[in-house]
Amino acid sequence: MSETSAVPATPSSATSPAPPSGRRGRTGTAALSRAERRAIGLQVAAALVWVPQAGLLAHAVAGIADGAGMSAALLPALGLVLLGILRAGLDAAGGRLAFRFARAELSRLRAQAAHALMRRSPVDAGRATSGLAASVLAEQAEAVVPYLARFRPARFKATCVPLVLLAFVLPVSWAAAFVLAFAAPFIPLFMALIGWRAKEASEAQLVEVGGMNAFLLDRLRGLATIRGLGAVDATARRLRADAESLRRRTMVVLRIAFMSSAVLELFSAVAVAMVAAYIGLHLLGSLDFGSWGHRFGLGEGLFVLLLAPAFFDPLRELAAAWHDRAAGQAALAALEQLAEPGRPVVGGDVPVAPVPAGGGAPALALESVSFRHAGTDAAVFDGFDLTVAPGEHVALFAPSGAGKSTLLALLAGLAAPEAGRILIDGEVLTALSADRLRARMAYIGQQPHIFAGTLGSNVALGRPEVDAPAIGVAIRAARLERVADARGPAPIGEGGRGLSGGEGLRLALARLAAAPSAGLILADEPTAHLDSGTAGEITEALLELARGRTLVVATHDPVLAARMDRIIRLAPNGEIAP
Ligand SMILES: Nc1ncnc2c1ncn2[C@@H]1O[C@H](COP(=O)(O)OP(=O)(O)OP(=O)(O)O)[C@@H](O)[C@H]1O
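Please read these numbers as outputs of a predicted model, since none were measured by experiment.

Engineer: Go over the sheet that holds strand β8 (residues 550-555) with me, naming the residues and quoting the values.
Structural biologist: Strand order across the open sheet formed by five strands is β6-β7-β8-β3-β9, with parallel pairing between neighbours. The strands lining the two open edges of the sheet, one partner per strand, are β6 (441-444) and β9 (566-569). Each adjacent strand pair in this sheet contributes to an overall mean axis angle of 15°, direction not counted. As defined by bridge partners, β6 adjoins strand β7 (residues 520-524) across four bridges and the pair is classed as parallel. Opposite Tyr443, over in β7, you have Leu522 as the bridge partner.

Engineer: Provide a residue-level description of a nonpolar patch on the surface, including the pertinent values.
Structural biologist: Judged by side-chain polarity, Leu170, Trp174, Phe178, Phe182, Phe289 and Trp292 come together as a nonpolar surface patch covering roughly 680 Å² of accessible area. One can find Phe289 in the loop between α9 (232-284) and α10 (298-320).

Engineer: Summarise unusual backbone geometry; cite the residues concerned and give the values.
Structural biologist: The backbone phi angle of Trp292 is positive, close to 60°, even though this residue is not glycine. Tracing the backbone through its elements, the reader meets Trp292 in the loop between α9 and α10. For Ser368, which is not a glycine, the phi torsion comes out positive at approximately 45°. Topologically, Ser368 is positioned in strand β1 (residues 364-371). For Ser368, a relative accessible area of 40% puts it in the partly exposed group.

Engineer: Got a sec to walk through the environment of Gln43? Specific residues and values, please.
Structural biologist: The topology assignment puts Gln43 in helix α1 (residues 34-48). On the accessibility criterion, Gln43 (7% relative accessible area) is buried. Here the alpha-carbon distance between Gln43 and Ala88, two residues 45 residues apart in the chain, equals 9.7 Å. Ignoring sequence-local partners within four residues, the contact set of Gln43 consists of Asp91, Gly94, Gly95, Ala98, Pro153 and Lys157.

Engineer: How would you summarise helix α2 (residues 50-65) if you had to cite specific residues and measurements?
Structural biologist: Relative to the 22 Å expected for 16 residues at 1.5 Å per residue, α2 spans 22 Å between its end C-alpha atoms, a close match to the ideal helical length. Along α2, the positions that sit buried rather than exposed are Val51, Gln53, Ala54, Ala58, Ala60, Ala62 and Gly63. Buried-residue contacts for α2 involve α1, α3 (74-119), α5 (144-169) and α10.

Engineer: Could you give an account of the pairing of strand β4 (residues 419-424), naming the residues involved and the relevant values?
Structural biologist: Both β1 and β4 contribute to a ladder of five bridges, which runs antiparallel. When the bridges of β4 are listed, Glu367 appears paired with Arg421. Across two bridges, β4 lies against strand β5 (residues 427-428) in antiparallel orientation. Bridge pairing in β5 places Leu423 opposite Val428. What sits between β4 and β5 in their antiparallel hairpin is a turn of two residues, with Asp425 showing a positive phi close to 55°.

Engineer: Give a description of the layout of surface pockets that names residues and reports values.
Structural biologist: Put simply, the second largest pocket is a space of about 290 Å³. Lining the second largest pocket are 17 residues, and of these Leu132, Val136, Ala333, Ala334 and Gln337 sit closest to its centre. Of all the secondary structure elements, the ones that give two or more residues to the lining of the second largest pocket are α4 (130-139), α7 (186-221) and α11 (322-338). Partitioned by chemical class, the residues of the lining of the second largest pocket number 10 nonpolar, four polar and three charged.

Engineer: Help me get a handle on the nonpolar core, residues and values and all.
Structural biologist: Ranked by size, the top nonpolar core spans 63 residues in total, and within it Val144, Leu180, Val275, Phe312 and Leu335 carry the most contacts. Here the element with the most residues in this core is α5; it accounts for 12 residues. Phe312 has contacts with Leu180, Ala183, Ile187, Ser268, Ala271 and Val272, leaving out every residue within four places of it along the chain. Counting residues in each nonpolar core, the second largest holds 42 residues, with Val459, Ala484, Leu509 and Ala535 among its members.

Engineer: Residues and numbers for the pattern of salt bridges, please.
Structural biologist: Across all of its chains, the model carries 23 salt bridges by this definition. One salt bridge connects Glu244 with Arg248, and the closest N-O pair in it is separated by 3.5 Å. Of this pair, Glu244 and Arg248 both sit in helix α9, separated by four residues, roughly a single helical turn. The class of Glu244 is partly exposed, set by a relative accessible area of 32%.

Engineer: Explain the sheet that holds strand β2 (residues 381-388) residue by residue, including any values.
Structural biologist: Sheet architecture is open: four strands sit in the order β2-β1-β4-β5, paired in antiparallel fashion. Looking at which strands have only one partner, the edges of the open sheet turn out to be β2 and β5. In the sheet, β1 pairs with β2 via five bridges, with the strands oriented antiparallel. Bridging across to β2, Val369 finds its partner in Phe384. Across the sheet, helix α12 (residues 404-411) touches β1, β2 and β4, and the angle it forms with β1 is around 115°.

Engineer: Provide a residue-level description of the confidence of the model for the protein chain, including the pertinent values.
Structural biologist: When pLDDT is averaged across the protein chain, the result is 85; 90% of the residues are at 70 or more. Note on residues 1-29: pLDDT is under 50 here. Beyond four places in sequence and across chains, it has 90 contacts. Overall fold confidence (pTM) sits at 0.69, and the ipTM for the predicted complex is 0.94.

Engineer: Pulling in residues and values, what's your account of the packing of α5 against α10?
Structural biologist: Interaxial distance between α5 and α10 falls to 8 Å at its minimum, and their mutual angle equals 160°. Relative to α10, α5 is oriented roughly antiparallel. For the pair α5 and α10, the sense of crossing is left-handed. For the pair formed by α5 and α10, the contact residues are Arg150, Phe151, Ala154, Arg155, Lys157, Ala158, Val161, Pro162, Leu165, Leu166, Phe168 and Val169 on the first element and Phe303, Val304, Leu307, Ala310, Phe311, Pro314, Leu315, Glu317, Leu318 and Ala320 on the second. Classifying every residue of the contact of α5 with α10 by side-chain character gives 18 nonpolar, no polar and four charged.

Rules of the game
- Residues numbered from 1 in each chain as written.
- Predicted model: local features only at pLDDT ≥ 70, side-chain atom pairs only at ≥ 80, totals over all residues.
- Heavy atoms only, no water.
- Pairing = 2+ DSSP bridges.
- Helix = DSSP H or I, 4+ residues; strand = E, 2+ residues; numbered from the N terminus.
- Axes fitted to C-alpha atoms, helices over the stretch in contact; angles between N-to-C directions.
- Patch = residues over 30% accessible without salt bridge, like charges linked within 9 Å, V, L, I, M, F, W, Y side chains within 5 Å.
- Areas by Shrake-Rupley, 256 points an atom, 1.4 Å probe, with all protein chains shown as cover.
- Salt bridge = Lys/Arg side-chain N within 4 Å of Asp/Glu carboxyl O.
- Buried < 20%, exposed > 50% of the residue type's maximum accessible area, 1.4 Å probe, protein only.
- Contact = heavy atoms within 4.5 Å.
- Expected span 1.5 Å × (residues − 1).
- 1 Å grid on protein atoms, 1.4 Å probe; cavity = no way out; pocket = protein on both sides within 12 Å on 5 of 7 lines; lining within 4 Å.
- Points joined across faces, edges and corners; volume = space filled by probe spheres on them.
- Nonpolar A, V, L, I, M, F, W, Y, C, P; charged D, E, K, R; others polar.
- Core = buried A, V, L, I, M, F, W, Y, C linked by side-chain atoms within 4.5 Å.
- pLDDT = per-residue confidence, 0-100.
- Parallel < 35°, antiparallel > 145°, perpendicular 65-115°, else oblique.
- Left-handed = near helix turned anticlockwise from the far one by under 90°.

Now the structure itself:
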């Protein structure tokens with residue numbers, strides 16, 4: 001644990017997204033919701049308006065051909081226009097509804113994944129890297145919208161609209177219906193075959209995009225180290241190779257998408273041409289079969305001919321949206337993976353009211369605590385016991401890897417012990433009590449995270465009760481006045497760029513100073529990597545702030561340890577050394 005900072009640890013802040021509704025499965029898009037059903041229903045209705053339109057058109061042309069004159073076509077033309085307006089309206093309304101539904105669903109899935117990420121323990125090594133999480137949540141997740149707004153309505157239209165049109169063609173000519181019905185299954189068949197390849201290619205492409213984003217973000221963060229090691233060229237080469245590989249994968253996805261539409265166009269063009277040839281020959285009297293024993297006229301023939309291309313329209317639409325399916329499903333899978341619960345922090349769901357100052361210094365007790373990190377066999381603690389009196393200052397003094405940071409994480413409820421109990425002020429740390437108890441703690445990590453912003457905003461961290469005078473007091477308590485005077489309102493760079501290590505730690509102490517309700521301070525090696533003079537100043541400031549509070553400090557610094565009331569020596573196997 002290294003990036004948490006000295007703030008009262010309240011993961012379930014007011015800004016946390018609500019827990020997922022559980023209305024559906026985790027990526028739950030299998031069943032249709034009411035909003036989606038309505039959107040699809042409107043789009044299907046819009047497609048079916050073509051049936052009366054085709055009927056009117058065929059009737060008007062047949063009338064003109066029979067010598068009824070242009071005036072007989074006026075009424076059908078008016079009907080055609082009105083139906084056209086209705087069709088456009090239904091289509092637009094259905095499209096808008098589907099888009100709105102898709103955006104709402106995407107927000108829900110994003111909130112669900114963000115919630116799961118937030119709930120995942122910082123000691124869980126399986127947690128997605130921040131680059132990957134940012135890439136999935138911000139970029140890849142967008143592929144869910146065309147999948148829900150375009151592909152799914154298109155799939156429903158492709159299953160029901162052709163059947164309805166067939167029901168209108170069949171009474172006129174079973175031969176024309178047969179040609180359409182025969183050609184139709186080839187299209188989904190070939191598209192499915194191509195689709196499997198498309199899905200694979202699209203998933204590989206998404207993995208590549210995610211990997212490249214994660215790589216880029218990590219390298220940007222470590223730019224100074226890369227420069228220091230003279231690895232700029234190697235990093236640039238790797239990035240270029242990644243970009244080239246991504247280009248190749250994108251081309252594969254596009255090639256497959258083009259191929260699927262070519263297959264569709266081929267089958268639909270052949271089928272429509274066959275229907276047209278059949279109708280023409282039938283009208284000329286050269287082909288007598290296929291019309292239930294009677295010869296259909298120009299009107300009926302034209303009606304069937306107009307329905308034939310419309311029969312393939314939904315399939316064409318499905319083919320156009322086919323690529324959305326692969327990308328959308330891959331994005332849903334990525335979001336689902338982010339939403340995996342993993343190893344959660346204890347609690348994290350219970351809203352906590354602000355804790356009034358002066359709650360007192362709590363006592364601590366660990367009773368037979370056992371813990372091992374996920375994916376490791378060796379237990380860091382096995383039946384570990386410890387008690388700390390209220391207001392006591394203790395040092396966890398141990399060599400590297402003995403479990404000091406893990407112990408602090410357990411005390412903060414950032415991970416649950418496998419066995420045993422942790423009591424804070426006599427209250428067992430459980431999912432129900434953790435948020436409340438955490439609101440009385442402050443945590444100073446080895447490298448406090450510093451956000452891009454002013455010094456003051458970094459001290460306040462959005463806490464409404466930390467106003468300008470409180471920030472001033474906190475800055476003085478942490479002995480940061482010199483930095484504050486020099487900086488004024490100038491922003492600090494992200495990650496503390498422009499601040500020294502000691503100043504960064506003092507900023508963490510200022511955050512602590514602005515949290516008077518935190519009766520328990522957990523500090524993880526606050527003097528590590530500092531020169532002895534700065535370490536001494538940090539020690540003094542910490543001790544001053546910890547007056548009247550319980551303090552647990554993990555350290556290998558004998559000078560800091562000597563200033564505590566008690567030193568607890570941890571052996572490398574996580575036991576208290578004699
Ligand atoms: N997230 C993690 N996943 C798996 N193993 C971990 C994880 N964090 C720590 N460990 C392992 O658990 C053991 C205790 O680690 P911990 O960080 O608590 O030690 P520490 O005493 O704080 O060390 P240091 O002084 O170097 O910070 C080590 O063997 C470490 O390799």
